[in-house]
Amino acid sequence: MFNSTRKPQSNLGSALAMFEVIYHSIVRSVRKTHNNAFLAIAMNMLQAVIFVAAFYVMFSVLGLRGAAIRGDFLLYIMTGIFLYMTHVKALGAVTGSEGPASPMMQHAPMNTIVSIVSAALGALYVQVLSCFMILFIYHVAFTPFEIEDPFSAFGMLLLAWFTGCALGVVLLAIKPWFPTFVSIFTQIYQRANMIASGKMFVANTLPSFMLAMFDWNPLFHVIDQSRGYSFINYNPRYSSWEYSWWVGVVLLMIGLMGEFYTRRNASISWGARR
């Protein structure tokens with residue numbers, strides 16, 4: 001994988017060689033949680049199922065089912081859980097990817113861009129596969145359901161992943177400078193989004209003073225829009241997927257500039273500070 005080889009002469013050969021390195025890096029990132037890739041995916045599915053079951057019980061005990069969208073109640077919960085998990089898993093994977101001072105960077109074909117892309121795609125692969133498997137099992141074994149606009153709903157899943165990756169690149173860029181801050185901020189952000197993501201309620205039912213507390217969050221907009229595409233009788237009025245897209249683009253540009261600066265000033269001795 002990382003043996004010294006002659007550099008390909010053509011652009012196509014260089015691209016194929018880079019894709020090969022990214023592929024092997026994706027496999028490595030997926031197997032970080034478990035040596036068996038199937039068990040790694042199964043563990044992620046189990047985590048998502050536990051989330052869904054916990055929120056189902058909480059909504060039932062607190063009597064909040066009436067506040068949900070009219071339609072399949074479990075699908076309502078899953079639209080929030082899946083996008084939340086995709087967002088925070090992408091954030092964690094990119095933030096935890098190999099930095100410029102990592103020993104992996106001493107292998108010639110490897111660089112930080114390959115590390116970031118492979119971590120992001122590995123997280124997306126696991127989340128998408130888990131999402132489709134859970135929905136398939138629920139549809140076949142329990143009750144058939146219908147998603148009004150599945151392609152747009154899947155697009156919102158990709159947008160949740162994109163915004164998580166963009167913020168992860170920003171945190172990865174400042175991680176060598178402030179490792180403790182990045183670790184604490186990542187944990188706080190992931191925990192805070194349990195509420196701030198809006199997966200437990202819909203924007204149309206919130207009063208204006210509460211809406212102002214959540215509409216800064218791009219994940220809040222993505223989840224609300226995904227429910228608009230999933231349910232025929234819900235039309236989101238206070239959210240916009242364009243806002244999430246542009247926030248992700250801005251964060252990605254800032255993160256890439258910061259990563260470029262950090263890479264040029266990286267030192268192997270930084271590893272001792274982590």
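Attention in this report is confined to the structure presented alongside it. Every value quoted in this text rests on a predicted model; they were computed, and no experiment measured them.

Right, let's get into the overall build of the protein chain. Looking only at helices and strands, the protein chain has nine helices and zero strands in total. Put simply, the protein chain runs from its N terminus to its C terminus through helices and strands in the order α-α-α-α-α-α-α-α-α. For the protein chain, the proportion of its 274 residues judged to be buried stands at 45%. In the protein chain, of all internal contacts separated by at least 6 residues, the share reaching a separation of at least 24 is 74%. Accessible surface, the protein chain as shown: approximately 14600 Å² in total, 68% of it carbon and sulfur.

A separate point is the side chain of Asn-44. Structurally, the position occupied by Asn-44 is in helix H2 (residues 37-62). With relative accessibility at 6%, the residue Asn-44 sits in the buried group. A distance of 3.0 Å separates polar atoms of two side chains, one belonging to Asn-44 and the other to Ser-130. Those residues in contact with Asn-44 that lie beyond four places of it in its chain are Met-85, Lys-89, Val-126, Gln-127 and Ser-130.

Another point: the packing of helix H3 (residues 73-95) against helix H5 (residues 150-174). Packed helices, taken two at a time, are described by their axes: the angle between them and the distance between them. Axis separation between H3 and H5 bottoms out at 7 Å; the angle between their running directions is 30°. With respect to H5, the element H3 is oriented roughly parallel. Along this stretch, H3 crosses H5, giving a crossing that reads as right-handed. The residues of H5 that touch H3, namely those facing Phe-82, Leu-83, Thr-86, His-87, Ala-90, Leu-91, Val-94 and Thr-95, are Met-156, Leu-157, Ala-160, Trp-161, Thr-163, Gly-164, Cys-165, Leu-167, Gly-168, Val-169, Leu-171 and Leu-172. Within the contact of H3 with H5, the residues separate by chemical class into 14 nonpolar, six polar and no charged.

So, about the packing of aromatic side chains. According to the stated counting rule, one finds ten aromatic pairs in the structure shown. With 6.0 Å between their ring centres and 55° between their planes, Phe-132 and Phe-154 make a pair best called tilted. Highlighted residues: Phe-132 in helix H4 (residues 112-142) and Phe-154 in helix H5, separated in sequence by 22 residues. Since its relative accessible area comes to 48%, Phe-132 is described here as partly exposed. Each ring, one from Phe-185 and one from Tyr-189, has its centre 6.1 Å from the other, and the planes form 20°; the classification is stacked. With Phe-185 and Tyr-189 both in helix H6 (residues 179-196) and four residues apart, the pair spans about one turn of that helix. Its relative accessible area of 30% is what places Phe-185 among the partly exposed residues. Linked through ring pairs, Tyr-138, Phe-142 and Phe-145 together constitute an aromatic cluster.

Moving on: a nonpolar patch on the surface. Side chains of Tyr-125, Leu-129, Met-133, Phe-136, Ile-137, Val-140 and Phe-142 sit close together on the surface and give an oily, nonpolar patch of about 710 Å² of accessible area. Note on placement: Phe-136 falls in helix H4.

Moving on, we come to the side chain of Thr-186. Position of Thr-186 relative to the elements: it lies in helix H6. Its relative accessible area of 10% is what places Thr-186 among the buried residues.

What follows is about H5. Its 25 residues give H5 an end-to-end C-alpha distance of 37 Å, which sits within 8% of 36 Å, the value for a rise of 1.5 Å per residue. The element H5 is largely enclosed, with a buried count of 18 among its 25 residues.

Below, the discussion takes up the packing of H5 against H6. Their axes nearest at 9 Å, the elements H5 and H6 cross at an angle of 160°. For the element pair H5 / H6, the angle class is roughly antiparallel. Crossing angle aside, the handedness with which H5 passes H6 is right-handed. On H6, the residues touching Leu-167, Leu-171 and Ile-174 of H5 are Phe-181, Val-182, Phe-185, Thr-186 and Tyr-189. Residues belonging to the contact of H5 with H6 are distributed by class as follows: seven nonpolar, one polar and no charged.

This next bit is on the environment of Phe-162. By the element assignment, Phe-162 lies in helix H5. Along the primary structure Phe-162 and Leu-252 are separated by 90 residues, whereas in three dimensions their C-alpha atoms are 9.0 Å apart. Setting aside its immediate chain neighbours within four residues, Phe-162 contacts Trp-245, Gly-248, Val-249 and Leu-252.

The next thing to look at is the environment of Tyr-76. Considering the arrangement of structural elements, one finds Tyr-76 in helix H3. Residues Tyr-76 and Ser-226, 150 residues apart in the sequence, show an inter-C-alpha distance of 9.8 Å.

Parameters at a glance
- Residues numbered from 1 in each chain as written.
- Predicted model: local features only at pLDDT ≥ 70, side-chain atom pairs only at ≥ 80, totals over all residues.
- Heavy atoms only, no water.
- Helix = DSSP H or I, 4+ residues; strand = E, 2+ residues; numbered from the N terminus.
- Buried < 20%, exposed > 50% of the residue type's maximum accessible area, 1.4 Å probe, protein only.
- Contact = heavy atoms within 4.5 Å.
- Areas by Shrake-Rupley, 256 points an atom, 1.4 Å probe, with all protein chains shown as cover.
- Polar contact = N/O pair within 3.5 Å; in protein donor to acceptor, adjacent residues only side chain to side chain.
- Axes fitted to C-alpha atoms, helices over the stretch in contact; angles between N-to-C directions.
- Parallel < 35°, antiparallel > 145°, perpendicular 65-115°, else oblique.
- Left-handed = near helix turned anticlockwise from the far one by under 90°.
- Nonpolar A, V, L, I, M, F, W, Y, C, P; charged D, E, K, R; others polar.
- Phe/Tyr/Trp six-rings, centres within 6.5 Å; stacked < 30°, edge-to-face > 60°.
- Patch = residues over 30% accessible without salt bridge, like charges linked within 9 Å, V, L, I, M, F, W, Y side chains within 5 Å.
- Salt bridge = Lys/Arg side-chain N within 4 Å of Asp/Glu carboxyl O.
- Expected span 1.5 Å × (residues − 1).

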